[in-house]
Amino acid sequence: MSDALIAKIRARTARVGVVGLGYVGLPLVLLFEEAGFPVIGFDVDDEKAAKLGRGESYIRHIGVDRIEKAFGAKRAEATTDFGRLGECDAIIVCVPTPLGNHREPDLKYIRITAETIARLLRPGQVIVLESTTYPGTTREELLPRFESTGLRCGTDFFLGFSPEREDPGNERFNTRNIPKVVGGIDDASLRVIEELYGAAVDQVVPVSSAEVAESSKLLENIFRAVNIALVNEMKVVFDRMGINVWEVIEAAKTKPFGFMPFYPGPGLGGHCIPLDPFYLTWKAAEYGVWARFIELAGEVNTAMPRYVVDRTVDAVNAAGKSILGATVLVLGLSYKPDIDDDRESPSFELIELLQERGAVVAYCDPFIPEARRGRKHDLGLKSVPCTADEFAKYDVVLVSTPHSAFKDPSLYGRAKLVVDTRNIVPGEAGAALVRA
Ligand SMILES: NC(=O)c1ccc[n+]([C@@H]2O[C@H](COP(=O)([O-])OP(=O)(O)OC[C@H]3O[C@@H](n4cnc5c(N)ncnc54)[C@H](O)[C@@H]3O)[C@@H](O)[C@H]2O)c1
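About the cut-offs
- Residues numbered from 1 in each chain as written.
- Predicted model: local features only at pLDDT ≥ 70, side-chain atom pairs only at ≥ 80, totals over all residues.
- Heavy atoms only, no water.
- Near = heavy atom within 4 Å.
- Polar contact = N/O pair within 3.5 Å; in protein donor to acceptor, adjacent residues only side chain to side chain.
- Areas by Shrake-Rupley, 256 points an atom, 1.4 Å probe, with all protein chains shown as cover.
- Nonpolar A, V, L, I, M, F, W, Y, C, P; charged D, E, K, R; others polar.
- Pairing = 2+ DSSP bridges.
- Helix = DSSP H or I, 4+ residues; strand = E, 2+ residues; numbered from the N terminus.
- Axes fitted to C-alpha atoms, helices over the stretch in contact; angles between N-to-C directions.
- Contact = heavy atoms within 4.5 Å.
- Buried < 20%, exposed > 50% of the residue type's maximum accessible area, 1.4 Å probe, protein only.
- Parallel < 35°, antiparallel > 145°, perpendicular 65-115°, else oblique.
- Left-handed = near helix turned anticlockwise from the far one by under 90°.
- Salt bridge = Lys/Arg side-chain N within 4 Å of Asp/Glu carboxyl O.

Trainee: What am I meant to see in the site of the ligand here?
Mentor: Around the ligand sit 26 residues in total, of which Val24, Asp43, Lys48, Thr97 and Thr132 are the nearest. Valine 24 has a polar backbone atom sitting 2.9 Å from an oxygen atom of the ligand. Arginine 343 places a side-chain nitrogen or oxygen 3.0 Å from an oxygen atom of the ligand. Burial of the ligand by the protein chains amounts to 91% of its free accessible area of 820 Å². The residue inventory of the shell around the ligand, partitioned by class, reads 12 nonpolar, 7 polar and 7 charged.

This is the structure in structure tokens:
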């Protein structure tokens, strides 16, 4: 069975299905289409499927030209009809893996998808999970559902995990040239999965099991979370000592070996770094192990918005004003520069904490004209213009996201007070400046 599937992959006649057409799934659809495969994208959101069908993009950094090319030529399709999963030889799952209210993994999207696939599973299919999750998910959640059909993994169908390493907005690295780690439930699955990705990406990195592949993604993200926490703690310490942490980092990073710079900020954002580490701490508890380092990093990082707000309140006080009734302009709603992704962005918490203290808050983000209603937040705000005239109207301008558009020093010339969490406003910009 694996030889027949591999032959189909080599001939580019294997149909690839991608479930979940978000930041991870949509680039994968394009990747496989561009590698010559017929592709079907599946999503529960009919708006997304309709937009793709019309050749439109809903993710800013994915250009319409690529979408038009892929979907216009009809080699790629997008649908909400999950019955068509049966047509696919390879199915790649990229559905969300959020945390529940108590920071526990919420696998409902993976489970729903696994059950849908199981209903349609047929011999000769390969299924790869790409959603970030704790080690063991592929074997414990997907495998039993698929084998309950009577089909056997490694002979009838193939199963494994391959972590996504998408970096939205990165111009150097894209889905094709980022090395792809792959792990199978068994050797036959690994062989098929290596072949599948090898047909579309420059470098495949096989590992010995699905669990190693799942864990490698967590290590990458936990590495970032812990190092960001470390540098955030350094910021708090150095602030108190009157030392500029940014200058310290610039000096330290001249060391040509053994040091990698990380930068402080107002808190963690995005779909990965704030959430994924807790997938591991949760699973570790099942084995009686406490991942204290990860929990500590979480504690330091989640305290950052409150720290920044405290520093802002102090700065307003020092300027002879009260935060009660003060007008604050928060710069940036997305969690990283020059993209329109606002998931888990610390800016929401900054705005809400300032509002709790009685400030009147507005935001400016050229990438997000209107604050969308999310699971946790509903600001009901629209972006104000990114101009010096606008910035001059507020008692405080608080830099949260380092969008390129905010790096123009002339924007701040008439601002009354600037609190900069990203070190993008030069000291000579004119305004009273606090780095927080
Ligand atoms: N965004 C990133 O940079 C990134 C990087 C690495 C890994 N990941 C991981 O990849 C996974 C997906 O993340 P994302 O950023 O693409 O999320 P996303 O929210 O952008 O996209 C998920 C998509 O899945 C759809 N969906 C939800 N339930 C579904 C279902 N039952 N069936 C089909 N589609 C469904 C949603 O409508 C949405 O379009 C997550 O596990 C995430 O942790 C994301």
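Trainee: How should I be thinking about the sheet that holds strand S6 (residues 158–161) in this particular structure?
Mentor: Pairing between the strands of a sheet comes from backbone hydrogen bonds, and it takes one of two forms, parallel or antiparallel. Read from one edge of the open sheet, 8 strands run S3-S2-S1-S4-S5-S6-S7-S8, paired in mixed fashion. Whereas interior strands pair on both sides, the edge strands pair on one side only; in this sheet they are strand S3 (76–79) and strand S8 (204–207). Pairwise comparison of adjacent strand axes, ignoring direction, gives a mean angle of 25° for this sheet. Relative to S6, strand S5 (residues 126–129) is paired through 4 bridges, and the arrangement is parallel. Bridge pairing in S6 places valine 126 opposite phenylalanine 158. Here helix H6 (residues 137–147) sits on the sheet and contacts S5, S6 and strand S7 (180–184); the angle it forms with S6, its principal contact strand, is near 160°. In this fold helix H8 (residues 210–241) packs onto S6, S7 and S8, with an angle of close to 145° to the strand it touches most, S7.

Trainee: Explain unusual backbone geometry to me, please; I cannot follow it from the model alone.
Mentor: The general pattern is negative phi for most residues beyond glycine and trans for most peptide bonds. Even without a glycine there, the phi angle at arginine 103 is positive, about 60°. With respect to the helices, strands and loops of the structure, arginine 103 is situated in the loop between strand S4 (90–93) and helix H5 (108–120). Positive phi, normally seen in glycine, also occurs at aspartate 338, with a value near 60°. With respect to the helices, strands and loops of the structure, aspartate 338 is situated in the loop between strand S9 (327–331) and helix H13 (346–356). Of the residues examined, aspartate 338 reaches a relative accessible area of 32% and is grouped as partly exposed.

Trainee: Is there a simple way to explain the packing of helix H2 (residues 25–34) against helix H4 (residues 64–72) in this structure?
Mentor: How two helices sit against one another is set out by the angle between their axes and by the gap between those axes. The interhelical angle for the contact between H2 and H4, taken along N-to-C directions, is 60°, at an axis separation of 10 Å. Put simply, H2 runs oblique to H4. Where H2 crosses over H4, the handedness of that crossing is left-handed. Facing H2, whose interface residues are Leu26, Val29, Leu30, Leu31, Glu33 and Glu34, H4 presents Arg66, Ile67, Lys69, Ala70 and Phe71. In terms of residue class, the contact of H2 with H4 is made up of 7 nonpolar, no polar and 4 charged.

Trainee: How should the environment of phenylalanine 278 be read in this particular structure?
Mentor: You can see phenylalanine 278 is positioned in helix H10 (residues 276–286). According to the relative accessible area criterion, phenylalanine 278 is buried, its value standing at 6%. Measuring from C-alpha to C-alpha, the distance between phenylalanine 278 and arginine 103 comes to 6.7 Å, with 175 residues separating the pair along the chain. Apart from residues lying up to four places away in sequence, phenylalanine 278 is in contact with Leu99, Arg103, Glu295 and Gly298.

Trainee: Any chance you could explain the pattern of salt bridges here in plain terms?
Mentor: Pairs can form between side chains of opposite charge once their charged atoms are near each other. Inspection of every chain in the model, using the stated rule, returns 33 salt bridges. The salt bridge involving glutamate 56 is made with arginine 54; its shortest N-O contact spans 2.9 Å. Accessibility expressed as a relative area gives 53% for arginine 54, which makes it exposed. The salt bridge involving arginine 139 is made with glutamate 211; its shortest N-O contact spans 2.6 Å. Pair noted here: arginine 139 is in helix H6 and glutamate 211 is in helix H8, with a separation of 72 residues, a long-range link. On the basis of relative accessible area, arginine 139 is assigned to the partly exposed category, the value being 32%. Its relative accessible area of 22% is what places glutamate 211 among the partly exposed residues.

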